[in-house]
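# Understanding the architecture of this molecule
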Amino acid sequence: MRFGLTEDQRALRDATRRLLARHFGGQALRAALDGPARPDRALWRALGEAGFFSLRLPEARGGAGLGLPEAVLVFEEAGRALLPGPLVATHLAAGAVAGAATGEAVVTDVDGGLVEWLAAADVVRGDATGAVPLRSLDPLTPLHRVPSGRPAHERRDVRLTVLLTAAEQLGTAGRVCELAAQHARAREQFGRPVGAFQAVAHLCAGMLVRTETARAAVYAAAVTGDPVDVAAARLLADEAAVRGARDCLQVHGGMGFTWESEVHLHLKRAWVRTRRGGGVTESEEVVAADLLAGTA
Amino acid sequence: MDLSDTPEEEEFRARLRAWLAAVLPGLPPKPPPDDWPARRAYDLGWQHRLHDAGYAGVHWDASPAIRLIFLEETEKAGAPYVGANFVGLLHAGPTIAAEGTAEQRARWLPPILRGEEVWCQGFSEPEAGSDLAALRTRARREGDTYVVTGSKLWTSHAEVADWCELLVRTDPEAPRHRGITWLALPMDTPGITVRPLRTLAGSAEFAEVFLDEVRVPVANRVGDENDGWRVTMVTLSFERGTAFAGEVVACRRVLTELAAAARGNGRWDDPALRRRLGRLGAEFRALWRLVQWNVSAAGTSGGVPGAGGSVFKLRYSHARQELYDAAADVLGDDCLDLDRPWTLDRLSSLSYTIAAGTSQIQHGIIAERILGLPKGR
Ligand SMILES: Cc1cc2nc3c(=O)[nH]c(=O)nc-3n(C[C@H](O)[C@H](O)[C@H](O)COP(=O)(O)OP(=O)(O)OC[C@H]3O[C@@H](n4cnc5c(N)ncnc54)[C@H](O)[C@@H]3O)c2cc1C
């Protein structure tokens, strides 16, 4: 057993982080917020060139021949950076939908009763007839509701959607923990950094514990690919992201409640992701059913 | 990221499994929880068997990954716990191995490994719990002897121990952390009184230990005089490292038993309960992965588990309490019956967020050492 990042995996993670900082730093995030809701095509192609969508395709088909662990690492970075767009759907379409692998085609899919980025996508997978827009809670994720919303057992395998979404949640969890700790070290009240108050310090420590536990679960699920591991990882990652973002908001005080601060964007995105792949309830049922598996 | 066994690990696992399968059916029945002499004999007997089969020192000299396989396989097979060997194998032993002289290692380590001597840990005192450095038990030097007076509290297994790893204050004038010394105290020395304390679970797991002019040879000191704090920190990180890893495996088994019981009594049909058990299933899966992650990190940095152990300890101790709360929901009215399987476990689990550093202390360690927040008081 060597359950840690290899040199190559570390390098991939760092390179992805640098790429995203270059193409989607703080200013680009603000611009995306103020601009119309469409994916930045230049950024999308840059991601394509870097192999973000194609990395799991075999080399013979233009990919990098890498596996789920590497995919999880780059999606974690995307989550950290709040990168908008139907990233998971496009990644999963690589090799099946022309242009997806290179980032030339933006692909979305119908997931339960919702479709993200419907108007801006080049290709929609699934039946989106009769879709109506809703006023999305997340300013960076346009949403449509679809009436057909198929029952769970008729849906295609959502395992990879759930896993890559959990990786994005993990990125959010890590990022909001960092933001909270930074703020707790810098902001002073009563003559000292607010992080010197245990009530604040312990909130931050709790965020770290949830993040690191989720990290172990998400990475392990990427290694095994096991559907129960994946369901478990999503539960941990959703919790780490959503509770982390809320606690981060709390640590930021009034500043956290402003549109100006990036904290609310993390929380809103984390909430959007909790609805993907059948939602939390379905994952809980998957793990629960497994508890009885040996006794049937 | 690789979760599979190396050929060496695979071989170790297979050999251990085969040995467990051969030896466990022949074990004597477990003694009742309150019969301490019988428990001591049982726990030592198990350690003795481990020793004869070549597994005695797995906590000390094996790689972290091998240690984890040992904990996983023994737990899965339903082998006895370390029990009364806990302090010897996981605190005092590793400390002596790391800090003791060749002579001290030769005197104390083999009997621990062979399952002949029981150690207890005399650290906490009435006025020194979380704030361990506030300890006051005094040791006055008289030639080649320390004369020790004071009292220790919550000393687990004190009643049946042969030795106590004892922290004493040798220099009351020095800054708190610099006046402490680590001594090996033979428990049959005159001047020691052990008063068993009853826990909320009804059993006498730990004791109060009074020390009145107890004479300890200077040769029993491990590390330098007044250097005991540093010596002690080596043991504490062992305690929070892999010490609880096997219990995660046990919790996963309990959870499957709970699910089966819930199906048996119809409560499984309640989606809220089912989902709660599902969440716990995810929790213990993740905790196991976290152990593997920490162990792999310890393997590469070559060291003792650090603040990562606090992350695990904190999360695990709460998860274990939630597990038995869920068990109570499955049991219904039976959760009030001490003769039902999980009722006592629920009571015992209440100590997990207190012993080996409280949850509040773990939060503080994480905030300061991992997140770099200012020290709070
Ligand atoms: C089952 C069991 C077995 C044990 N076995 C042993 C043993 O074998 N040998 C041994 O030496 N000890 C043993 N202990 C003692 C154990 O290490 C102490 O109980 C523990 O360190 C807490 O100390 P305390 O009980 O004095 O609580 P206190 O330190 O008095 O804490 C009381 C409360 O205050 C909180 N608190 C204290 N300081 C802070 C702070 N700085 N910030 C925030 N909150 C704080 C604590 O979290 C707790 O909630 C055992 C304890 C138990 C429960």
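Keep in mind the model is a prediction, meaning the values are calculated, not measured.

## Considering the overall build of chain B
Secondary structure summary: chain B contains 12 helices and eight strands in total. Its C-alpha atoms give chain B a radius of gyration of 21 Å, near enough to 21 Å, the size a compact globule of 377 residues would have. Projected onto its principal axes, the C-alpha positions of chain B cover 70 × 45 × 45 Å. Accessible area for chain B stands at about 16200 Å²; split by element, carbon and sulfur atoms hold 52% of it.

## Considerations on the site of the ligand
Residue and element names in this part refer to chain B. Neighbouring the ligand are 16 residues, the closest being Ser124, Ser130, Trp154, Thr358 and Gln360. The contact in question runs from an oxygen atom of the ligand to an N or O atom on the side chain of Ser130, over 2.6 Å. Here a nitrogen atom of the ligand and a side-chain polar atom of Ser156 are 2.8 Å apart. Protein contact buries 65% of the 970 Å² of open area that the ligand shows by itself. Of all elements in the fold, only strand S3 (145-156) and helix H12 (359-370) reach the threshold of two or more residues within the shell around the ligand. It is S3 that provides the largest number of residues to the shell around the ligand, a total of three residues. For the shell around the ligand, the residue count by class is six nonpolar, 10 polar and no charged. A domain-level breakdown of the shell around the ligand finds at least three residues from each of domain 2 (119-226) and domain 3 (244-370).

## Topic: the interface of chain A and chain B
By a frequent convention, interface size equals the accessible area lost on bringing the separate parts together. Between chain A and chain B, the residue contacts involve 52 residues of the former and 48 residues of the latter. Across the chain A to chain B interface the summed buried area is about 4400 Å²; carbon plus sulfur atoms make up 68%. The largest per-residue losses of area from chain A upon contact with chain B belong to Met1, Phe3 and Leu291 of chain A, which jointly make up 20% of the total buried on that side. Where chain A meets chain B, there are eight salt bridges. We note a salt bridge from Arg285 of chain B to Asp226 of chain A, for which the minimum N-O separation is 3.7 Å. Where chain A meets chain B, there are 14 residue pairs in polar contact (both at pLDDT 80 or more). Of all the elements in the fold, those that place two or more residues in the side of chain A that touches chain B are helix H4 (68-80), helix H6 (159-186), helix H7 (198-224), helix H8 (227-251) and helix H10 (279-291) of chain A. Take the side of chain A that touches chain B: its biggest share by element is 17 residues, from H7 of chain A. Per-class residue counts for the side of chain A that touches chain B are 31 nonpolar, 10 polar and 11 charged.

## Topic: the domain arrangement of chain B
All names here are of chain B. Under the domain assignment used here, chain B contains domain 1 (7-114), domain 2 (119-226) and domain 3 (244-370). A straight line from the C-alpha centre of domain 1 to that of domain 2 covers 25 Å. Summed over both partners, the interface of domain 1 with domain 2 comes to about 1600 Å²; 60% of that surface belongs to carbon and sulfur atoms. Salt-bridge contacts for Glu205 lead to Arg39; the nearest nitrogen and oxygen are separated by 3.6 Å. Residue assignment for the side of domain 1 that touches domain 2 shows that the elements contributing at least two residues are helix H2 (36-52), helix H5 (86-99) and helix H6 (102-114).

## With respect to the sheet that holds strand S4 (residues 132-134) of chain A
Two modes of strand pairing occur in sheets, parallel and antiparallel, and in both the strands are linked by backbone hydrogen bonds. Residue and element names in this part refer to chain A. The strand order S3-S1-S2-S5-S4 describes an open sheet built from five strands, whose pairing is mixed. Single-partner strands in this sheet number two, and they are strand S3 (123-125) and S4. Here the strands of the sheet are splayed against their neighbours by 30° on average, with no regard to which way each runs. Where S4 and strand S5 (residues 143-145) come together, three bridges link them in antiparallel fashion. Looking at S5, one finds that Leu134 is bridged to Leu143.

## Here's the deal with the packing of H6 of chain A against H7 of chain A
Residues and elements named next belong to chain A. Taken N-terminus to C-terminus, the directions of H6 and H7 make an angle of 155°; their axes are 9 Å apart at the nearest point. With respect to H7, the element H6 is oriented roughly antiparallel. The chirality of how H6 crosses H7 is left-handed. Of H7, the residues touching H6 (which contributes Leu163, Ala166, Ala167, Leu170, Ala173, Gly174, Val176, Cys177, Ala180, Ala181 and Ala184) are Val200, Cys204, Met207, Leu208, Thr211, Ala214, Arg215, Val218, Tyr219, Ala221 and Ala222. Of the residues assigned to the contact of H6 with H7, the class counts are 19 nonpolar, two polar and one charged.

## Some points on the packing of H4 of chain A against H6 of chain A
Residues and elements named next belong to chain A. Relative orientation of the contacting elements H4 and H6 amounts to 45°, with a least axis distance of 7 Å. With respect to their mutual orientation, H4 and H6 come out oblique. Handedness of the H4/H6 crossing: right-handed. Where H4 abuts H6, its residues Leu68, Ala71, Val72, Phe75, Glu76, Gly79 and Arg80 lie against Leu160, Leu163, Leu164, Ala167, Glu168, Leu170, Gly171, Thr172, Arg175 and Glu178. Tallied by class, the residues present in the contact of H4 with H6 amount to nine nonpolar, three polar and five charged.

## Let's talk about unusual backbone geometry
All names here are of chain A. Phi at Leu82 takes a positive value of approximately 65°, unusual for a residue other than glycine. In the Ramachandran plot, Phe190 falls in the positive-phi region, its phi being about 50° despite a non-glycine side chain. Structurally, Phe190 is set in the loop between strand S6 (188-189) and strand S7 (192-193).

## Brief notes about the pattern of salt bridges
Throughout the structure, instances matching the rule amount to 52 salt bridges over all chains. A salt bridge links Arg275 of chain B to Glu284 of chain A; its shortest N-O distance comes to 2.4 Å. Of this pair, Arg275 of chain B sits in helix H9 (residues 271-301) while Glu284 of chain A sits in helix H10, each in a different chain. A residue is classified by how much of its surface remains accessible, and Arg275 of chain B, at 31% relative accessible area, is partly exposed. One salt bridge connects Arg279 of chain B with Glu284 of chain A, and the closest N-O pair in it is separated by 2.6 Å.

## Examining H4 of chain A
Compared with an ideal rise of 1.5 Å per residue, which puts 13 residues at 18 Å, H4 of chain A spans 18 Å between its outermost C-alpha atoms and is within 8% of the ideal. For H4 of chain A, a buried count of 13 out of 13 residues is recorded, marking the element as mostly surrounded by other parts of the structure.

## Here's the deal with the packing of aromatic side chains
Residue and element names in this part refer to chain B. Tallying each qualifying case throughout the model produces 18 aromatic pairs over all chains. Centroid distance Trp19 to Tyr55: 5.3 Å. Interplanar angle 50°. Geometry classified as tilted. Here Tyr55 lies in the loop between H2 and helix H3 (58-61) and Trp19 lies in helix H1 (residues 7-23), a separation of 36 residues in the sequence. For the ring pair Trp119 and Trp163, a centre distance of 5.6 Å and an interplane angle of 15° mean the geometry is stacked. Taken together, the residues span a long stretch of sequence, with Trp119 in strand S1 (residues 119-122) and Trp163 in strand S4 (residues 163-169) at a distance of 44 residues. Assessed through its relative accessible area of 0%, Trp119 is described here as buried. An aromatic cluster of at least three residues, connected via ring pairs, comprises Phe12, Trp19, Trp46, Tyr55 and Phe70. Its end group placed over the ring of Trp36, Arg39 keeps NZ or CZ at 4.1 Å from the ring centre.

Conventions adopted
Residues numbered from 1 in each chain as written. Chains lettered and ligands numbered in written order. Predicted model: local features only at pLDDT ≥ 70, side-chain atom pairs only at ≥ 80, totals over all residues. Heavy atoms only, no water. Helix = DSSP H or I, 4+ residues; strand = E, 2+ residues; numbered from the N terminus. Rg over C-alpha atoms; globule rule 2.2 N^0.38 Å. Areas by Shrake-Rupley, 256 points an atom, 1.4 Å probe, with all protein chains shown as cover. Near = heavy atom within 4 Å. Polar contact = N/O pair within 3.5 Å; in protein donor to acceptor, adjacent residues only side chain to side chain. Nonpolar A, V, L, I, M, F, W, Y, C, P; charged D, E, K, R; others polar. Domains from an automatic or database assignment. Contact = heavy atoms within 4.5 Å. Buried area = accessible area lost by both parts, 1.4 Å probe. Salt bridge = Lys/Arg side-chain N within 4 Å of Asp/Glu carboxyl O. Pairing = 2+ DSSP bridges. Axes fitted to C-alpha atoms, helices over the stretch in contact; angles between N-to-C directions. Parallel < 35°, antiparallel > 145°, perpendicular 65-115°, else oblique. Left-handed = near helix turned anticlockwise from the far one by under 90°. Buried < 20%, exposed > 50% of the residue type's maximum accessible area, 1.4 Å probe, protein only. Expected span 1.5 Å × (residues − 1). Phe/Tyr/Trp six-rings, centres within 6.5 Å; stacked < 30°, edge-to-face > 60°. Lys NZ or Arg CZ within 6 Å of the ring centre and 35° of its normal.

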